[in-house]
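Now for the letters of each chain:
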Amino acid sequence: MTPSAGTVAMMLADARLPSGGHAHSSGMEPALLGGMPPAASAEFLALRARTTALVDAGTAVAAMRAVLDGSLIQGSGLAAVETAWAARTPSLAMRTASRDLGRGLLRLARRIWPTAEGIDALGGAPARPLVLGVIAAEVGMGAEDLVRLAVYDDIASAVAALLKLDPRDPVDGVTLVLGACASVEPLLAPVAGIWSPDDIPSLAAPQAEAWAEQHAATHRRLFRG
Amino acid sequence: MTTLATTPTAEPTRISVHPGETRVRVGLVTGPLAPRLIDRGTSSATVAIAAAQMLLLDGDAVLIEIEVGPGCTLDIEDVGGTVAYPGTSSWEVRARVGAGGRLLWRGLPFVVTADGDSRRRTEIVLGPGAAALIRETLVLGRHGEIGGRIDAGLTATRTGPLLVERLVASGAFPGPGVLGTHRVIDSVIALGYRPPTVPGDLVLEQPGAVARRLGQHTHASDLDAVWAAWRATLREDDGPPSNVPSTEPWTGDRDEPADRASGRTSP
C-alpha cells in the first residue's frame, strides 16, 4: 500500500510526527531572547516566511527535482543542492538547527521509504529541506504542495514555540500561522518552478541570523533553534 | 518585485591587474567612476576610485568590472561614500579573480536617501585558491531621514557557491528579523579563506565568514578593527609584508560620507 502524497504532506506538517520538530522554534526563541517584542511576532513571521522559509522551500523543490532528474541521482545533484542551501544560510547556528531536524526526519524516512531514490545520498545529517525533497519525489508530491508544506511547517513551529514562550490565546496563534502563510502565497509559484539550485531564493534575514548565533551560545533556552 | 528599466548611463568602469615582467600591468577605464593608480608592485596594485560625475541620480546605472589576474592582488580604496538620490538607481559590480589572486575592497558607506530606491548587485567569481575581502556598509536614509529602499544582492562563487544573499529592506518599514529598527548594516565579508572569527560572526560552510553589525550610526560599528585583522590574515601568506603604505589618506567622515554629487573627484 502506498500512501497518497496528500496524506504524506499532512503527516509531515503534523506536529505529532516523531521527528524531533518539537525541540525547534524556527527562530522564534532566538528572536524573543534577542529582544524582539512579542507584539512584533506577526511581522517577524511574515518576514521569516519570505526569507528563511522560502530558502528552505526552494531547496526542497530543487532537491526533489535533483532526484527526479535521473542524471543527478548519484549524489552529486543533491550535494549541489545542499551547497546552494548552505551558501544561502550563512549562520552556522541555523545550519546546525536545520541539520538536527534533517537527521530526525531522515531517521523516520529511512524506516518508511528505505528504497527511496536519493535517500542513500543524503549522508547522516542533511539539511531538513533535502529530506523533504527526497520524500516528495518518492511519494509524487506536487511542487506547490511541497513549498506550502515547507513554509507552513516552519511557521507553525515558530508559533507553537511562541505559545509556550509568551502564552496567549491559542486561536491567536492559528491566526498568526494563517496570516504569515497567506502573505507569501503570491511568491510560491515561482519557487515551485525551480529546477536549478542557482534559482533557490536567497532573501536574507540578517538580524535573525545574529539572533540565531547569540541563541546558540546561551544556556537559557528551551529550544535548539 | 520591481524591475528597474534603467540602462547603463555610461561605459563600465574597469579595473584590471595582470602579471607583468617587473611590475603588474594595471588597466584602468574611467566610467561614472574614475579609478586612479596609487601604487603597484611586483604582484599587487592599489587603486583608488572616485566619482567622475554626479552619482547616483534617478535612472543611473553604474557598472564596475574588475579583473584580477592569477597570483595578483588588487586593493581598492573608495575615495568617498556613495549617495543614492531620490529615484531609482543601480550599482553593479562584477569581479573575476584568477587562481591564487586577491581582491580587497574597503568600501565606504552606500547611503540611500529617503526617497531613493537602489539596486545593488555584487558578483564575485573566484578562481582556484583565490580569495576576497569586502567591506560593505549600507545605510538607509541620510542622517535624520526615515526611508530609503534597497535591494542588495551578493553572489560569490569558487567552483560552487560560497555565499548567496539578497537583502531587501526599507528604512520606513521596521522589519523584525531583517534589519529590525536599524538603518545601518555594516559588513566585512571574507570569501575563499577562513579569517580569525569570534563568536557571533557568521562562519560560512565553505571557506569564508561575515562580521556584521546592525545599528543606527556607522561610527558606532567596530568593524574597522575586524577589517584590519581579516586583511592581515589574507595577506600573511603573500610573503613579506607589502611596502604599500597602510595610511588611508582618503578616509572621510565615515558617518556622513563625502557626497559624490558634490563634485569631489580625484584630481
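Residues numbered from 1 in each chain as written. Chains lettered and ligands numbered in written order. Predicted model: local features only at pLDDT ≥ 70, side-chain atom pairs only at ≥ 80, totals over all residues.

**Q** Looking at this structure, I do not really get the interface of chain A and chain B. What am I missing?
**A** The accessible area lost on association of the parts is a frequent measure of interface size. Counting from both sides, the interface comprises 30 residues of chain A and, opposite them, 26 residues of chain B. Mapped by element, the contributors of at least two residues to the side of chain A that touches chain B are helix H3 (41-50), helix H5 (76-87), helix H6 (92-112) and helix H11 (206-216) of chain A. Element by element, the count of residues in the side of chain A that touches chain B is highest for H11 of chain A, at seven residues. Considering only residue class, the side of chain A that touches chain B consists of 18 nonpolar, six polar and six charged. (Contact = placed C-beta atoms within 7 Å. Helix = DSSP H or I, 4+ residues; strand = E, 2+ residues; numbered from the N terminus. Nonpolar A, V, L, I, M, F, W, Y, C, P; charged D, E, K, R; others polar.)

**Q** Looking at this structure, how should I read the nonpolar core?
**A** Grouped burial of nonpolar side chains is what soluble globular proteins tend to show. Residue and element names in this part refer to chain A. The biggest cluster of nonpolar side chains holds 146 residues, and the ones touching the most others in it are Leu146 and Ile155. Residue contributions to this core peak at 14 residues, all from helix H8 (residues 143-165). Excluding anything up to four places from it in sequence, Ile155 contacts Ser26, Leu45, Arg48, Ala49, Ala53, Val177, Ala180 and Cys181. (Core = buried A, V, L, I, M, F, W, Y, C linked by C-beta atoms within 7 Å. Buried ≥ 20, exposed ≤ 12 C-beta atoms within 10 Å, placed from the backbone.)

**Q** In this structure, what is going on with the confidence of the model for chain B? I would like to understand it.
**A** Residues and elements named next belong to chain B. Counting all residues, the mean pLDDT for chain B is 87, and 85% of those residues have values of 70 or more. Low pLDDT, under 50, characterises residues 1-6; the predicted model gives this stretch seven contacts beyond four residues in sequence or across chains. Here residues 239-267 is a poorly scored stretch, pLDDT under 50, and it has 49 contacts once near neighbours within four places are set aside; other chains count. Listed scores for the predicted complex are pTM 0.91 and ipTM 0.95. (pLDDT = per-residue confidence, 0-100.)

**Q** In this structure, what is going on with H8 of chain A? I would like to understand it.
**A** It helps to recall that an α-helix has 3.6 residues per turn; residues three or four apart then point in one direction. Given a rise of 1.5 Å per residue, 23 residues ought to cover 33 Å, and the 33 Å separating the end C-alpha atoms of H8 of chain A matches this to within 8%. Of all 23 residues in H8 of chain A, 18 are buried; the element is thus mostly enclosed. (Expected span 1.5 Å × (residues − 1).)

**Q** So what exactly am I meant to see when it comes to the pairing of strand E4 (residues 44-51) of chain B here?
**A** Taken residue by residue, a regular strand's side chains alternate between the two faces of the sheet. All names here are of chain B. Burial runs high along E4: seven of the eight residues are buried. Relative to E4, strand E3 (residues 33-40) runs antiparallel, the two sharing seven bridges. Directly across from Pro35, in E4, lies its bridge partner Ile49. In this antiparallel pair of consecutive strands, E3 and E4, the connection spans three residues. Bridge count for E4 against strand E6 (residues 73-78) is six bridges, and the pairing is parallel. By the bridge assignment for E6, Ala45 is matched with Leu74. (Pairing = 2+ DSSP bridges.)

**Q** What is the right way to look at the sheet that holds strand E8 (residues 87-97) of chain B in this model?
**A** Pairing between sheet strands relies on hydrogen bonds along the backbone, with the strands arranged either parallel or antiparallel. Residues and elements named next belong to chain B. With mixed pairing, seven strands are arranged side by side in an open sheet as E2-E1-E5-E8-E11-E13-E14. Each edge of the open sheet carries a strand with a single partner, namely strand E2 (25-29) and strand E14 (160-170). Taking each pair of neighbouring strands and ignoring which way they run, the sheet shows an average axis angle of 5°. Judged from the nine bridges that link them, strand E11 (residues 116-126) and strand E13 (residues 149-158) form a sheet pairing that is parallel. Across the sheet, residue Arg119 finds its bridge partner in E13, namely Asp151. (Axes fitted to C-alpha atoms, helices over the stretch in contact; angles between N-to-C directions.)

**Q** Help me out: how do you make sense of unusual backbone geometry in this one?
**A** Peptide bonds are trans in most cases, and residues, glycine excluded, mostly fall at negative phi. Along the chain, Leu55 of chain B connects to Leu56 of chain B via a cis peptide bond; the corresponding omega equals -25°. Phi at Ser26 of chain A is positive, roughly 50°, even though this residue is not glycine. Exposure remark for Ser26 of chain A: the 29 C-beta atoms within 10 Å place this residue in the buried category. Its identity as a non-glycine residue notwithstanding, Thr159 of chain B has a phi of 65°, on the positive side. Mapped onto the fold, Thr159 of chain B is located in the loop between E13 and E14.

**Q** Whenever I open this one, the packing of helix H4 (residues 52-68) of chain A against H8 of chain A confuses me. Can you help?
**A** Residue and element names in this part refer to chain A. Closest axis-to-axis distance for the H4/H8 pair is 9 Å, and the angle between their directions is 145°. Considering the relative orientation of H4 and H8, their crossing is right-handed. Listed contacts from H8 to Ala53, Asp56, Ala57, Ala60, Val61 and Met64 of H4 are Ala143, Leu146, Val147, Ala150, Val151, Asp154 and Ile155. For the contact of H4 with H8, the class distribution of residues is 11 nonpolar, no polar and two charged. (Left-handed = near helix turned anticlockwise from the far one by under 90°.)

**Q** Explain the packing of helix H1 (residues 5-13) of chain A against H8 of chain A here, please?
**A** Each pair of packed helices can be described by the angle between their axes along with the distance between the axes. Residues and elements named next belong to chain A. Where H1 contacts H8, the axes come no closer than 9 Å and their chain directions differ by 15°. Classified by the interaxial angle, the pair formed by H1 and H8 is roughly parallel. In this structure, H1 meets H8 at a crossing whose hand is right-handed. Side by side, H1 and H8 meet where Ala5, Ala9, Leu12 and Ala13 of the first sit next to Asp145, Leu149, Tyr152 and Asp153 of the second. Taken together, the residues that form the contact of H1 with H8 break down as six nonpolar, no polar and two charged. (Parallel < 35°, antiparallel > 145°, perpendicular 65-115°, else oblique.)

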